[in-house]
Amino acid sequence: MTRKEPVIEESWKQLLYKEFQSEYFRQLKEFLVLEKKKYVIFPPGPDIFAAFNHTPYHKVKAVILGQDPYHGTGQANGLCFSVRKDIPIPPSLMNIYKELKNDTGLPLPGNGDLQKWAVEGVLLLNAILTVRANQPGSHRNRGWENFTDAVIKQLSEKKEKLVFILWGNFAQAKAGLINPSKHFILKSPHPSPFSADRGFFGSRPFTKTNMFLDSAGIGKINWEL
């Protein structure tokens, strides 16, 4: 029997136990049950916690923070900025790929699936983990932000020498949750076509991340897709 409900990897389940038992999370679950009766919700249930399932807590080296999932049919796969292999690469992700090529010399990837980065230790975390089809931002202020803020706080408090990659104003607003004396925070404009020319291009997040990890005696991330 195929499992249709969201599940989360055991190390994260233990770390976030209090969040799952909280009143806000109970209300969030009730909201999602009602939403699924009325609307198509992305990503599919088994992919809601994909970022955690591909990157267990003990493997996290870096965090890239997105806002909410893609809202088009078949796009969202539970990893921020990432889409399924058979889906056209979205404009922001294409700009990320252009910077990857310019920064590292790696070839432009042929699809938009970032799962390899997740396996390498990059937590590809959206602040909001679900969305109605064709309605961007439709699950804001329902409890997901409380949950993902708790994830960032736990990582900041309990781990050492992580890289937090914050693209754009939304992600940078989360910087206050991160201890800058313990971790490396990289900020730049968002890779969206509306802002990439204002400093995202040339920001070199991939080599800067690896320079920091290397200096900390932590294995580098293989950014090749």
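Since this is a predicted model, take the numbers as computed values, not measurements.

Caption draft 1: Expanded view of the pattern of salt bridges. Throughout the structure, instances matching the rule amount to 7 salt bridges. Residue Arg 132 pairs with Glu 35 through a salt bridge whose shortest N-O separation is 2.7 Å. A residue pair is termed long-range when its members are at least 10 positions apart, and Arg 132 in strand β4 (residues 131-132) and Glu 35 in helix α3 (residues 23-38) qualify at 97 residues. Linking Lys 174 and Asp 149 is a salt bridge whose minimum nitrogen-to-oxygen distance equals 2.7 Å. Pair noted here: Lys 174 is in the loop between α8 (168-172) and β6 (184-188) and Asp 149 is in helix α7 (residues 144-158), with a separation of 25 residues, a long-range link. For the pair Lys 174 and Asp 149, a shared accessibility class is recorded, and that class is buried. Through salt bridges with shared partners, a single network forms among Glu 23, Arg 26 and Glu 30.

Caption draft 2: How the structure looks around the packing of α3 against α7. Running from N to C, α3 and α7 point in directions that differ by 130°, and their axes come no closer than 9 Å. Classified by the interaxial angle, the pair formed by α3 and α7 is oblique. Seen from above, α3 lies across α7 with left-handed handedness. Between α3 and α7, the residues in contact are Tyr 24, Phe 25, Leu 28 and Leu 32 and Trp 144, Asn 146 and Phe 147, respectively. In the contact of α3 with α7, the residues fall into 6 nonpolar, 1 polar and no charged.

Caption draft 3: Highlighting the nonpolar core. In this structure, Trp 12, Phe 49, Phe 52, Trp 117, Trp 144, Phe 147 and Leu 155 are the most contacted members of the largest nonpolar core, which totals 67 residues. Look past the residues within four positions of Trp 117 in its chain and what remains in contact with it is Ile 64, Ile 96, Leu 100, Val 122, Leu 124, Phe 206, Asn 222, Trp 223 and Leu 225.

Caption draft 4: Main features of the environment of Asn 102. Assignment of secondary structure puts Asn 102 in helix α5 (residues 91-104). The class for Asn 102 is exposed, based on a relative accessible area of 61%. Between the alpha carbons of Asn 102 and Asp 68 there is a distance of 27 Å; along the sequence they are 34 residues apart.

Caption draft 5: A look at α3. Compared with the 22 Å implied by 1.5 Å per residue over 16 residues, the 23 Å span of α3 between its first and last C-alpha is a close match. Within α3 the residues assigned to the buried category are Tyr 24, Phe 25, Leu 28, Phe 31, Leu 32 and Glu 35. Seen end-on, α3 carries its buried residues on one side only, within an arc spanning 115°. Elements that come into contact with the buried residues of α3 comprise α2 (17-20), β1 (41-42), β4 and α7. Of the residues flanking the start of α3, the one acting as N-cap is Ser 22, its side-chain oxygen 3.3 Å from the backbone nitrogen of Phe 25.

Conventions adopted
- Residues numbered from 1 in each chain as written.
- Predicted model: local features only at pLDDT ≥ 70, side-chain atom pairs only at ≥ 80, totals over all residues.
- Heavy atoms only, no water.
- Salt bridge = Lys/Arg side-chain N within 4 Å of Asp/Glu carboxyl O.
- Helix = DSSP H or I, 4+ residues; strand = E, 2+ residues; numbered from the N terminus.
- Buried < 20%, exposed > 50% of the residue type's maximum accessible area, 1.4 Å probe, protein only.
- Axes fitted to C-alpha atoms, helices over the stretch in contact; angles between N-to-C directions.
- Parallel < 35°, antiparallel > 145°, perpendicular 65-115°, else oblique.
- Left-handed = near helix turned anticlockwise from the far one by under 90°.
- Contact = heavy atoms within 4.5 Å.
- Nonpolar A, V, L, I, M, F, W, Y, C, P; charged D, E, K, R; others polar.
- Core = buried A, V, L, I, M, F, W, Y, C linked by side-chain atoms within 4.5 Å.
- Expected span 1.5 Å × (residues − 1).
- Arc of directions from axis to C-beta.
- Polar contact = N/O pair within 3.5 Å; in protein donor to acceptor, adjacent residues only side chain to side chain.

Honestly, it's all geometry; don't read function into it.
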